[in-house]
Amino acid sequence: MRTVGEHLADILGSVAVLPPLDLALLEAQGAVLAEPVTAPVPLPPFDNSAMDGYAVVAADIAAATESAPVSLPVVGDIVAGDTGVAAIRPGLSARIMTGAPLPAGADAVVPVEWTDGGNATVRISRAAPPGNYIRRAGEDVTAGQVVVAAGTRLGAAQLGMIAAVGRPRVTVRPKPRVVVVATGDELREPGEGLAPGQIWESNAYMLTAAVVEAGGVGYRQATVEDEPGKVMEMLEDQLVRADAIVTTGGVSMGTRDVVKEVLAGTGTVNFHKVRMRPGKPQGFGLLEGTPVFTLPGNPVSAYVSFQVFVRPALRAMQGLPPDSGAKVSAVLGEDVKSPAGLRHFLRGRLSFNRGFYTVTAAGVQGSHQLGSLATANALIELPEDVEALPAGSHVDVMRLPS
Ligand code: AMP
Ligand code: MG
């Protein structure tokens, strides 16, 4: 028997950060930036107008009011994208559009709503202070500034920022490609009919989705029968394309536990009993350098094992801290019991009110009972030495991705 911490340390000591990859921006969505991205120029790159209106000298319209508007000749028309050089002198104005470069000599923009919208001459009915509706060069980002830090997962806003500083490609940690395979003679595809004794395959769907939630790319493979030759064949096929392989089923003490039978002692794969519930039977190791996680078959065991062991490993492969920061301290809303000597992961419902988290158990807790997992949003983590805790106790809780 080993502890959860020992098993996780073994895994994290074996997985390596994926080598960086240079990708076009939209291919990099969801990947983790492997380099800081800096701005080669200030943003905005030049002073420009924040409104459609007129560029003026503020002093010229200092006395303008509704009842005594100031009229100025309009000597130019500047639109966004104009690359020519424009200028005005005191006593003049230029029509200007949002994003157009401010003409030399102007120090304020009067929005069209404050004017009569004139073409040759404009009547302005409000004064504007110097700087009015001008976006200054560099007021968003200065030249040389890091706009997205290394280690950031690239979402829409970050990709927009990187494009805005003129970068067509970025160096990222690629999303780990994770092959997920269920094993078991009793498993049928959802949509198929069931003979007595059969059930629908659910783990590989669940775990493939969990891979995506952890930032990877999940590939659900066809279910493999409980036959050593078939398990071996599947592994050989998948090793070439996977950054990691996750299997479920066939790792406990039964007569058809073929994953264990085939893999024990292959590569560096080892099987252990881990002091936890659910999820006691675990296997892990490298096969031809590829991490292979053999998770138990009971659906909740498989799910909890993924969150506790596989997710941190996938994060480490992306160059992220293995702990996702999803842990919070919460107040127990009810009494709970826990098996002696085992780390107990209870499905829970976490809520935040009046400044603190409270958590209650989410229904029945058998390792085959997916119903309560599907309504849970957290795992309550009870330490090995705890056998019972009264309502009101503080507990560690892992928020589940949603
Ligand atoms: P095993 O670890 O293969 O002995 O499986 C333990 C329990 O989990 C059995 O009740 C299996 O029927 C069930 N089980 C195993 N794999 C799956 C799966 N992919 N989907 C749903 N249930 C499964
Ligand atoms: Mg099985």
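Look above for the structure.
Below, the structure is looked at part by part. (Residues numbered from 1 in each chain as written. Chains lettered and ligands numbered in written order. Predicted model: local features only at pLDDT ≥ 70, side-chain atom pairs only at ≥ 80, totals over all residues. Heavy atoms only, no water.)

**A few points about the nonpolar core**
Here is step 1 of the chain: Counting 38 residues, the largest nonpolar core has V246, F293, F306 and L314 as the members making the most contacts within it.
Here is step 2 of the chain: Among the elements of the structure, α1 (4–14), β13 (177–182), α3 (203–213), β17 (244–248), β21 (290–295) and α6 (299–317) are those that each provide at least two residues to this core.
Here is step 3 of the chain: Per-element accounting of this core gives the leading share, 12 residues, to α6.
Here is step 4 of the chain: Shared between two domains, this core takes at least three residues from each, and those domains are domain 1 (4–18 + 175–318) and domain 4 (327–399).
Here is step 5 of the chain: Excluding residues within four positions of it along the chain, V246 makes contact with V178, V179, V180, V181, L207, F293, L295 and V310.
Here is step 6 of the chain: Ranked by size, the runner-up nonpolar core spans 18 residues in total, among them L239, V259, L287 and V292. (Core = buried A, V, L, I, M, F, W, Y, C linked by side-chain atoms within 4.5 Å. Buried < 20%, exposed > 50% of the residue type's maximum accessible area, 1.4 Å probe, protein only. Helix = DSSP H or I, 4+ residues; strand = E, 2+ residues; numbered from the N terminus. Domains from an automatic or database assignment. Contact = heavy atoms within 4.5 Å.)

**Comments concerning the sheet that holds β17**
Backbone hydrogen bonds hold the strands of a sheet together, and the pairing may be parallel or antiparallel.
Here is step 1 of the chain: Strand order across the open sheet formed by six strands is β16-β13-β17-β21-β20-β18, with mixed pairing between neighbours. The open sheet has two free edges, formed respectively by β16 (217–220) and β18 (270–273), since each of these has just one partner strand. In this sheet, neighbouring strand axes are inclined to one another by 20° on average, regardless of whether the strands run parallel or antiparallel.
Here is step 2 of the chain: Pairing of β13 with β17 involves five bridges; the strand directions are parallel. In the strand pairing of β17, V178 is matched with A244.
Here is step 3 of the chain: Each of β18, β20 (281–287) and β21 is contacted by α1, which is oriented at about 15° to β20, the strand it contacts most.
Here is step 4 of the chain: Along the sheet, helix α4 (residues 228–239) makes contact with β13, β17, β20 and β21, crossing β17 at roughly 155°. (Pairing = 2+ DSSP bridges. Axes fitted to C-alpha atoms, helices over the stretch in contact; angles between N-to-C directions.)

**Here's the deal with the pairing of strand β8 (residues 108–111)**
Here is step 1 of the chain: Burial along β8 is two-sided: the face carrying A108 and V110 and the face carrying V109 and P111 are both buried.
Here is step 2 of the chain: The pairing of strand β5 (residues 53–56) with β8 spans four bridges and is classified as antiparallel. Bridge assignment links V56 to a residue of β8, and that residue is A108.

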